[in-house]
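Residue strings, one per chain:
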Amino acid sequence: MPTVSVKRELLFRALGRSYTDEEFDELCFEFGLELDEITSEKDIISKEKGEEKAKGASDVVLYKIDVPANRYDLLCLEGLVRGLQVFKERINLPRFEKIIPAEGEGQRLIITEQTAQIRPHAVAAVLRNITFTKDRYDSFIDLQEKLHQNICRKRALVAIGTHDLDTITGPFTYTAKAPSEIKFKPLNQSKEYTASQIMDLYRTDSHLRHYLHLIENKPRYPVIYDSNGVVLSMPPIINGDHTKISLNTRNVFIECTGTDITKAKIVLDIIVTMFSEYCEKPFTVEAVEVVYPNGKTHIYPELAYRTEKVKPEYINKKVGISETPSSLAKLLTRMCLKSHVTGNGNQLEIEIPPTRADIIHACDIVEDAAIAYGYNNIQMVIPKTYTIANQCSQEDIADKLGMDISATNAVRIANPKTTEFQVARTTLLPGLLKTIAANKKMPLPLKLFEISDIVVKDPSTDVGARNYRHLCAIYYNKSPGFEIIHGLLDRVMQVMEVPPNEEKGYTIKAAEVQIFRFIGTNAYEICAKLISVLSGAAFFPGRCAEVFAKGQSIGKLGVVHPDVITKFELTMPCSVLEINIEPFV
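The rules behind the values
- For every chain, the first residue of the written sequence is number 1, and numbering continues from 1 along that sequence.
- In view of the model being predicted, local features appear only for residues whose pLDDT reaches at least 70, and side-chain atom pairs are presented and counted only at 80 or more, with totals across whole chains, interfaces and linings using the full set of residues.
- Excluding hydrogens and water, the side-chain figures rest on all heavy atoms present in the structure.
- The buried label applies to any residue whose accessible area, calculated with a 1.4 Å probe on protein chains only, is under 20% of its type's maximum; exposed applies above 50%, and partly exposed to all values in between.
- Helix numbering and strand numbering both begin at the N terminus, where a helix is a DSSP run of H or I of at least 4 residues and a strand a DSSP run of E of at least 2.
- A strand pair is defined by DSSP finding two or more bridges across the two strands.
- Fitted lines through C-alpha atoms serve as axes, helices being fitted only where they are in contact, and the angles separating the N-to-C directions of these axes extend from 0 to 180 degrees.
- Should any heavy atoms of two residues lie within 4.5 Å, those residues are counted as being in contact.
- Residues belong to a common nonpolar core when they are buried Ala, Val, Leu, Ile, Met, Phe, Trp, Tyr or Cys residues joined through side-chain atoms within 4.5 Å.
- The arc refers to the directions leading from the helix axis to the C-beta atoms.
- Stacked, edge-to-face and tilted labels apply to pairs of Phe, Tyr and Trp rings (six-membered ring for Trp) whose centres lie within 6.5 Å, assigned for plane angles under 30 degrees, over 60, and everything in between, in that order.
- Each ring is checked for a lysine NZ or an arginine CZ that lies within 6 Å of its centre and within 35 degrees of its normal; such an atom marks a charge sitting over the ring.
- Whenever Lys or Arg places a side-chain nitrogen within 4 Å of a carboxyl oxygen from Asp or Glu, that contact is recorded as a salt bridge.
- Oblique is the label for any angle not covered by the other classes, which are roughly parallel (under 35 degrees), roughly antiparallel (over 145) and roughly perpendicular (65 to 115).
- Here is the rule for handedness: rotate from the far helix to the near one, and if that takes an anticlockwise turn smaller than a right angle the crossing is left-handed, while a clockwise turn gives right-handed.
- In the scheme used here, Gly and all other residues not listed as nonpolar or charged are polar, with Ala, Val, Leu, Ile, Met, Phe, Trp, Tyr, Cys and Pro taken as nonpolar and Asp, Glu, Lys and Arg as charged.
- Only residues whose relative accessible area exceeds 30% and that form no salt bridge enter a patch; like-charged residues are grouped when within 9 Å of one another, and nonpolar side chains (Val, Leu, Ile, Met, Phe, Trp, Tyr) when within 5 Å.
- Here the accessible surface of atoms and residues is derived via Shrake-Rupley with a 1.4 Å probe, and residues count as covered only by protein chains that are part of the display.
- None of His or the chain ends enter the tally, which takes Lys and Arg as positive and Asp and Glu as negative.
- A charge is said to be at NZ when it belongs to Lys, at CZ for Arg, at CG for Asp and at CD for Glu.

Only one face of strand 1 (residues 3–7) is buried: it carries Val4 and Val6, and the other face, with Thr3, Ser5 and Lys7, is open. The pairing of strand 1 with strand 3 (residues 61–66) spans 5 bridges and is classified as antiparallel. Looking at strand 3, one finds that Lys7 is bridged to Leu62.

Encoded structure:
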């Protein structure tokens, strides 16, 4: 989930009223958002770098708001305020207008065929007579970064470039050239560099170095020029310093290049709809003609409005409410989806604005209706289903391992949170088998191990139970790999300097599956017998060995029984080693 940081004072000023922190938290919840944290720049620096570094930092209160990943229209203060104001019915949703200049007066972006193998797509637009303040400028830059990290997939799909249009002359050309042929002064640099030098320059940059791999191995780098040969940008790496925008910029040329034309169009629509409100004529955007290598042209931004039709009973049924069609239309309008009742009152016509690229199916409309209605207002009822699912019982693992849980002397939990965790684990094997099952699509072989505690009953302790540290390793492949598990045991013992002999070292002997009674006070003996009980039935007959060290049984290794493999929904054989390492620590 993306997190948007906004200044509390600036937010309340834009909303036209103040809230307590609790009131704003509640408002966010009603709108489907979450107020994640209330902090300040000083607090953030103090936590990350210490109080010494935080001296002099701003104490201005910041709200960190978690926004759904597909709500690109809420990634900046402008979109957030607009959404909340429409939700509270204080304003109507603005209608965005695309202004197409007279023939010969508009801007053009020409794409050459050299870009086809690198970043073939480009879209563009112009924000005319815009007025920036420091806060608006910061929000404009921050939105681009949020989009880069989110829908743009760290610039892999789309890269955004914004330029002061008054410093350049169209038409613009988007092409690709050899790195040695590209030379310009990058943003905030004092001299010109070739493209190769620029890549070297930013190789240690904490921010830009993450994007170099996108083009550095290509024979040509993408670049945008104006009609005088001035470089606007080398996407997706850096803009040129010549065209950088400032608080005095009045006309902004926006270009989005990428590998995904759909994402590029969405990104362009989001930027212009968020900041066209600061234009002299609010919510208007000047179109740009894009000329493709085949000679075809297209006008951007699209700013497309589309209509969806949904039956009111469909929404009521999916949400679990009984609202009238007119009430549902009002709820959707509050979510920036202008709606009205059509026909005989049995259908809703919903207009999807260009800001709501997240609305793809009817279920997305249903979700917005549920948010506007309020999840807390939906009456809770038991679903009318034909079957009722069951949680895993405490006998589930024992059954999968082919043993009787009553024979394991396992420690039962008095107040378990769920039925799946009613006993403390007495072996590490089920956990590794579950992990293999969850990752069985990964390349073979799978080799996992775990070193952790198991718990067994022990009447000699004051709590009636004792922890033991176990090592469990598993090998999963097309062949059982018993020799690999055996080799692992030998290597572990070698590292712990335990020699392979019966008196003071370790040995392995063919194991017989037995059920022991836990009599005696020797803790290690109890644990070893417990491993025999737990593991014995889990192994394939004749393919199991018991491990002895320092004169006592410490565990087993062998090939897992096919029945156990099947019950854990596995399809390949596997070998396992599980030993008690308490005698060695």
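Attention shifts here to the sheet that holds strand 18 (residues 339–342). Taken together, the 3 strands give an open sheet; going across it, the order is 17-19-18, and neighbouring strands pair in antiparallel fashion. At either margin of the open sheet sits one strand with a lone partner, and together these are strand 17 (306–310) and strand 18. Strand-to-strand twist across the sheet, computed as the mean angle between neighbouring axes with direction ignored, equals 30°. As judged from the 5 bridges shared by strand 17 and strand 19 (residues 347–352), these two strands associate in the antiparallel manner. Counterpart to Thr307 in the pairing with strand 19 is Glu351. Helix-sheet contacts for helix 10 (residues 325–334) involve strand 18 and strand 19, and the interaxial angle to strand 18 is about 160°.

This next bit is on the nonpolar core. Phe24, Ile65 and Leu147 are the most contacted members of the largest nonpolar core, which has 91 residues in total. Among the elements that line this core, the one with the most residues is helix 8 (residues 261–275), at 9 residues. Among residues more than four places away in sequence, those in contact with Leu147 are Tyr72, Leu75, Cys152, Ile160, Val267, Ile270 and Ile271. With 22 residues, the next largest nonpolar core counts Leu428, Leu429, Cys472 and Cys574 among its residues.

It helps to recall that an α-helix has 3.6 residues per turn; residues three or four apart then point in one direction. Of the residues making up helix 2 (residues 21–30), those classed as buried are Phe24, Leu27 and Cys28. Around the axis of helix 2, the buried residues are gathered within 100° of arc, so they sit on the same side. Buried residues along helix 2 sit in contact with helix 1 (8–15), strand 2 (34–40), strand 3 and helix 5 (77–87). Taken from the residues just after helix 2, Gly32 is the one with a positive phi, measuring 85°.

Once that is clear, we can look at the sheet that holds strand 1. In spatial order, the strands read 1-3-2; together these 3 strands make up an open sheet with antiparallel pairing. Bordering the open sheet on either side are strand 1 and strand 2, each of which pairs with just one other strand. Ignoring which end each strand starts from, the neighbouring axes of this sheet average 25° apart. The strands touched by helix 1 within the sheet are strand 1 and strand 3, with strand 1 carrying the most contacts at an inclination of about 80°.

Applying the stated criterion across every chain, the model contains 12 aromatic pairs. When the ring of Phe12 is compared with that of Phe24, the centres are 6.1 Å apart and the planes differ by 65°; the resulting orientation is edge-to-face. Of this pair, Phe12 sits in helix 1 while Phe24 sits in helix 2, and the two are 12 residues apart along the sequence. By relative accessible area, which is 0% here, Phe24 ends up buried. With a centroid separation of 6.0 Å and 55° between ring planes, the pair formed by Phe275 and Tyr278 is classed as tilted. Directly above the aromatic system of Phe87 lies the positively charged group of Arg334, at a separation of 4.3 Å from the ring centroid. Stacked on the ring of Phe548, the Lys or Arg Lys509 has its end atom at 5.2 Å from the ring centre.

Okay, helix 1 next. Restricting attention to buried positions, one finds in helix 1 the residues Leu10, Leu11, Phe12 and Leu15. Summarising the contacts, the buried residues of helix 1 are in contact with strand 1, helix 2, strand 3, helix 5 and helix 6 (134–149). Phi for Gly16, located one or two positions after helix 1, is positive at around 85°.

With that settled, consider the pattern of salt bridges. Applying the stated criterion across every chain, the model contains 24 salt bridges. With its nearest N and O atoms 3.9 Å apart, the salt bridge here joins Lys185 to Asp241. In this pair, Lys185 sits in the loop between strand 9 (183–184) and strand 10 (193–194) while Asp241 sits in the loop between strand 13 (238–239) and strand 14 (252–258), placing the two residues 56 residues apart along the sequence. Judged by its relative accessible area of 13%, Asp241 falls in the buried class. Across the pair Glu450 and Arg425 runs a salt bridge, and its minimum N-O distance is 3.1 Å.

Contact geometry for helix 6 and helix 8: axes closest at 11 Å, N-to-C directions at 160°. Our classification of the angle between helix 6 and helix 8 gives roughly antiparallel. Relative to helix 8, the crossing made by helix 6 is right-handed. Mapping the contact onto sequence places Arg136, Ser139, Phe140, Leu143 and Leu147 in helix 6 and Val267, Ile270, Ile271, Met274 and Phe275 in helix 8.

Here we take up the packing of helix 9 (residues 312–319) against helix 10. At a closest axis distance of 10 Å, the pairing of helix 9 and helix 10 adopts a crossing angle of 75°. When the interaxial angle is binned, helix 9 and helix 10 end up roughly perpendicular. Listed contacts from helix 10 to Pro312, Ile315 and Asn316 of helix 9 are Pro325, Leu328 and Leu332. Per-class residue counts for the contact of helix 9 with helix 10 are 5 nonpolar, 1 polar and no charged.

Taken together, the side chains of Glu22, Asp25, Glu26, Glu30, Glu34 and Asp36 define an acidic patch exposed on the protein surface. The set of elements that each furnish at least two residues to the negative patch consists of helix 2 and strand 2. The greatest single-element share of the negative patch, amounting to 4 residues, is contributed by helix 2. Counting through the fold element by element, Asp25 comes out in helix 2.

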